[in-house]
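# Results of the structural survey
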Amino acid sequence: MKIGIDIRCLIGGNRTGVEEYTVELLEHLFATDRENEYVLFWNAWKLPSCPFGWDRRFPNVRLVSFRIPNKLLNFCFWYFRFPHLDRLIGGVDVFFMPNLNFGAFSRSVRVVLTAHDLSFDRYAETFSWKRRLWHLFVNFRRLALRADRILAVSQSTRDDVLSVPGVSPKTVRVVESGVSERFRVMDRNDPILPAVKHRYALPYRFILFVGTIEPRKNLLSLARAFDALVETGEALNYDLVIAGTHGWKYQDILKNIDDLPSRSRIHFTGFVRDEDKPALYNLASIFVSPSFYEGFGFPSLEAAACGVPVIASHTSSFPETVGAGALLIDPLRLDDLFRALRELLRDAPLRDKLSQRGRVCAASFRWKETAQRTLKVFREVIRR
């Protein structure tokens with residue numbers, strides 16, 4: 001079987017949820033499957049070298065690079081339905097898209113698409129007009145109807161995909177993402193911990209959020225709940241650390257946080273290097289993910305794997321991922337988040353209990369199993 005894979009989502013070099021999924025899945029897929037041939041589609045006008053070296057490390061993996069301006073290529077995909085991606089890389093039996101993107105395919109090729117979430121539809125108001133326009137032209141529904149199989153990273157995402165008119169339940173499979181083994185409880189004497197603490201100027205004790213600063217993440221509620229803790233004297237010696245880059249509509253969020261009385265105890269790290277994230281989690285006392293909506297929610301599970309007690313929303317995918325090992329709150333109720341934070345800050349045995357449960361919960365999500373189940377879907381569409 002010859003399998004084509006679109007890895008354009010890795011061109012930017014970031015390691016947010018989609019990139020984490022793509023890198024970890026492909027790493028384990030190539031390590032697991034030495035039988036089938038893989039052809040990777042890598043394209044950009046200013047094309048960087050592919051940093052992962054899959055084509056050098058695995059004999060059955062080949063990288064096909066192009067220097068076509070992506071705006072021109074996307075226009076051709078959208079308007080002409082040409083060129084066909086599978087033919088562009090020499091012809092394949094299955095073409096896999098690990099993320100939503102522009103594309104066109106020949107009639108004979110089997111297409112497998114991963115759906116991470118439908119936030120662009122469920123929470124369109126939290127997106128910039130430019131991103132809304134991009135999703136409008138990509139047209140998820142058309143791509144979903146063309147796909148022979150859609151991999152949903154959670155049952156919550158599958159339910160959302162099935163709400164799209166015309167999508168058949170027979171085509172949508174739940175294949176959960178994994179949690180990398182690099183996220184683990186670290187030895188408190190590990191020299192990496194003080195190095196990371198110094199690099200990001202972290203306080204001694206802190207409540208942590210990791211993610212893009214954008215409206216869907218509900219960061220303003222977290223900052224206000226923390227501000228209320230400080231005002232009532234419940235925060236004690238704890239600060240709030242917000243780790244992540246600016247997303248769309250971040251300006252109003254930062255402006256409102258700047259106006260809070262506790263602003264001096266709220267720290268922004270900016271971009272955090274991927275290799276520093278395990279230490280960042282290990283240094284935290286509590287992790288909070290008050291997001292309105294997540295398709296899978298990597299940071300909450302990564303924090304749980306590092307033994308950090310987690311507070312998360314009771315919406316979307318959280319109950320099925322960290323639900324058994326976290327305090328779940330209503331993201332629309334500020335008092336609910338305040339009470340959960342206060343309870344964890346006061347109750348050390350509860351923190352220990354959530355730490356243990358969280359690690360058990362995170363251990364059930366393994367990339368090796370994700371890769372095996374994904375390969376099973378590839379074989380299934382070929383048999384079909």
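Let me sum up the structure you'll find in this document. Keep in mind it's a predicted model, so treat the numbers as computed, not measured.

In terms of helices and strands, the protein chain carries 17 helices and 13 strands. Against the 2.2 N^0.38 benchmark of 21 Å for 384 residues, the protein chain shows a C-alpha radius of gyration of 21 Å, consistent with a compact globule. Taken along the three principal axes of its C-alpha coordinates, the protein chain extends 65 × 40 × 40 Å. Taking all 384 residues of the protein chain together, 57% fall into the buried category. Counting only contacts in the protein chain whose residues sit at least 6 apart along the sequence, the fraction spanning at least 24 positions is 69%. Accessible surface computed for the protein chain: about 17,100 Å², of which carbon and sulfur atoms make up 52%. Of the side-chain charges in the protein chain, 55 are positive and 43 negative, and the distance between the mean point of each set is 5 Å.

This brings us to the pairing of strand 1 (residues 2-6). Counting buried residues along strand 1, five of its five residues qualify, which places the element largely inside the surrounding structure. Of the two faces of strand 1, both are covered, the one formed by K2, G4 and D6 as well as the one formed by I3 and I5. The sheet contact formed by strand 1 and strand 2 (residues 37-43) spans five bridges and is parallel. When the bridges of strand 2 are listed, D6 appears paired with F41. Since strand 1 and strand 2 lie parallel, the crossover through helix 1 (residues 17-32) that links them has a hand, and here it is right-handed. Two elements, strand 1 and strand 4 (residues 94-97), share three bridges in a ladder whose sense is parallel. Considered in strand 4, the bridge of G4 is made with F95.

Here the focus is the packing of helix 1 against helix 17 (residues 367-383). Relative orientation of the contacting elements helix 1 and helix 17 amounts to 75°, with a least axis distance of 8 Å. It follows from the interaxial angle that helix 1 and helix 17 lie roughly perpendicular. On helix 17, the residues touching E20, Y21, E24, L25, H28, L29 and T32 of helix 1 are W367, K368, T370, A371, Q372, T374, L375 and F378. Its residues placed into classes, the contact of helix 1 with helix 17 shows seven nonpolar, five polar and three charged.

On to the packing of aromatic side chains, then. Taken as a whole and assessed by the stated rule, the structure comprises 23 aromatic pairs. Centre to centre, the rings of Y281 and F287 are 5.9 Å apart; their planes meet at 70°, and the pair counts as edge-to-face. Residue F287 is classed as buried on the basis of its relative accessible area of 0%. Put simply, the rings of Y21, F296, F298, F365 and W367 pair up and form one aromatic cluster. Between R131 and the ring centre of W134, over which it is positioned, the NZ or CZ distance is 4.9 Å.

Turning to the side chain of D86, a few remarks are in order. You can see D86 is positioned in helix 4 (residues 85-88). By relative accessible area, D86 is classed as buried at 1%. Of the polar contacts made by the side chain of D86, one reaches the side chain of S106; its length is 2.3 Å. If near-sequence neighbours (up to four positions away) are discounted, D86 is found in contact with G91, V92, F95, A104, F105, S106 and V109.

Close approach of charged atoms allows side chains with opposite charge to pair. This structure, assessed with the given rule, holds 28 salt bridges. In this structure, the salt-bridge partner of E24 is R182, at a minimum N-O distance of 2.9 Å. Taken as a pair, E24 in helix 1 and R182 in the loop between strand 7 (172-174) and helix 9 (192-199) lie far apart in primary sequence, 158 residues in all. On the basis of relative accessibility, which here comes to 9%, the residue E24 falls in the buried class. A relative accessible area of 24% places R182 in the partly exposed class.

We now examine the environment of T315. Summarising the element assignment, T315 is placed in the loop between strand 12 (310-313) and helix 14 (318-321). We classify T315 as buried; its relative accessible area is 18%. Considered as a pair, T315 and D252 are 63 residues apart in the sequence and their alpha carbons are 24 Å apart. Once residues within four sequence positions are removed from consideration, T315 is found in contact with S291, F292, Y293 and P331. There is a polar contact of 2.9 Å between the side chain of T315 and the backbone oxygen of F292.

Another point: the state of the cysteines. Applying the stated criterion to the full structure yields zero disulfides. Just so you know, C306 is unpaired, no disulfide at all, and the nearest cysteine sulfur is the one on C361, 14 Å from it. Overall, the relative accessible area of 11% leaves C361 in the buried class.

The six strands lie next to each other as 10-9-8-11-12-13, forming an open sheet whose pairing is parallel. Every other strand in the sheet has two partners, leaving strand 10 (266-270) and strand 13 (326-329) as the edge strands with one partner each. The mean inter-strand angle of the sheet, taken between neighbouring strand axes irrespective of direction, is 25°. The pairing of strand 11 (residues 286-289) with strand 12 spans three bridges and is classified as parallel. Its bridge partner being in strand 12, S289 is matched across the sheet by A312.

The rules behind each value
Residues numbered from 1 in each chain as written. Predicted model: local features only at pLDDT ≥ 70, side-chain atom pairs only at ≥ 80, totals over all residues. Heavy atoms only, no water. Helix = DSSP H or I, 4+ residues; strand = E, 2+ residues; numbered from the N terminus. Rg over C-alpha atoms; globule rule 2.2 N^0.38 Å. Buried < 20%, exposed > 50% of the residue type's maximum accessible area, 1.4 Å probe, protein only. Contact = heavy atoms within 4.5 Å. Areas by Shrake-Rupley, 256 points an atom, 1.4 Å probe, with all protein chains shown as cover. Lys, Arg positive; Asp, Glu negative; His and termini not counted. Charge placed at Lys NZ, Arg CZ, Asp CG, Glu CD. Pairing = 2+ DSSP bridges. Right-handed = clockwise from strand over helix to strand, strands pointing away. Axes fitted to C-alpha atoms, helices over the stretch in contact; angles between N-to-C directions. Parallel < 35°, antiparallel > 145°, perpendicular 65-115°, else oblique. Nonpolar A, V, L, I, M, F, W, Y, C, P; charged D, E, K, R; others polar. Phe/Tyr/Trp six-rings, centres within 6.5 Å; stacked < 30°, edge-to-face > 60°. Lys NZ or Arg CZ within 6 Å of the ring centre and 35° of its normal. Polar contact = N/O pair within 3.5 Å; in protein donor to acceptor, adjacent residues only side chain to side chain. Salt bridge = Lys/Arg side-chain N within 4 Å of Asp/Glu carboxyl O. Disulfide = S-S within 2.5 Å.

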